[in-house]
Amino acid sequence: KLWTWKIMKEIEIYQVIETLKEKIVYLQFQKQDGSIRTMRATLSSEYLPIFEGNPSRAKSDQKLSVWDVDLGSWRGFSWDKLQVFDGEDVVVIR
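Residues numbered from 1 in each chain as written. Predicted model: local features only at pLDDT ≥ 70, side-chain atom pairs only at ≥ 80, totals over all residues. Heavy atoms only, no water.

**Q** What am I meant to see in the pattern of salt bridges here?
**A** Counted by the stated rule, this structure contains 3 salt bridges. A salt bridge links Asp86 to Lys23; the shortest N-O distance between them is 3.1 Å. Here Asp86 is found in the loop between strand E6 (82–85) and strand E7 (88–93), whereas its partner Lys23 is found in the loop between helix H1 (13–22) and strand E2 (25–30), with 63 residues between them in sequence. Classification of Asp86 as partly exposed rests on a relative accessible area of 37%. The partly exposed category is assigned to Lys23, whose relative accessible area is 36%. (Salt bridge = Lys/Arg side-chain N within 4 Å of Asp/Glu carboxyl O. Helix = DSSP H or I, 4+ residues; strand = E, 2+ residues; numbered from the N terminus. Buried < 20%, exposed > 50% of the residue type's maximum accessible area, 1.4 Å probe, protein only.)

**Q** Looking at this structure, I do not really get the side chain of Ser73. What am I missing?
**A** Structurally, Ser73 is set in strand E5 (residues 73–78). On the accessibility criterion, Ser73 (19% relative accessible area) is buried. Side-chain polar atoms of Ser73 contact the side chain of Arg75, separated by 3.3 Å. The residues contacting Ser73, other than those within four sequence positions of it, are Val66, Trp67 and Asp68. (Polar contact = N/O pair within 3.5 Å; in protein donor to acceptor, adjacent residues only side chain to side chain. Contact = heavy atoms within 4.5 Å.)

**Q** Any chance you could explain the nonpolar core here in plain terms?
**A** For soluble globular proteins, nonpolar side chains are generally found buried alongside one another. Ranked by internal contacts, the top residues of the largest apolar core, which has 18 residues, are Leu20, Leu27 and Phe85. Those elements that place two or more of their residues in this core are H1, E2, strand E3 (36–42), strand E4 (63–68), E6 and E7. Non-local contacts of Leu20, meaning those with residues more than four positions away in its chain, are made with Val25, Leu27, Ala41, Thr42, Leu43, Ser44, Leu64, Val66 and Phe85. (Core = buried A, V, L, I, M, F, W, Y, C linked by side-chain atoms within 4.5 Å.)

Below is the structure:
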């Protein structure tokens, strides 16, 4: 039996959020249906839509909502389903 090892970079939640606030990041995560989504995402105000009023997005410490630059809409993922962040295989630590 052939074994393969995948080296995962440990990354903390605050590092993910701060990086997303600074730039567009390539990321990949597993969706609820088991399929994989890859996207270019950001939380940088430079790329986010301008809202009038106060848009409400559900807050959760289990998930993060990000702006999908290519689709022009919000997408969310669970922290434990994030697989690739900024081009590196990752595991999120708390």
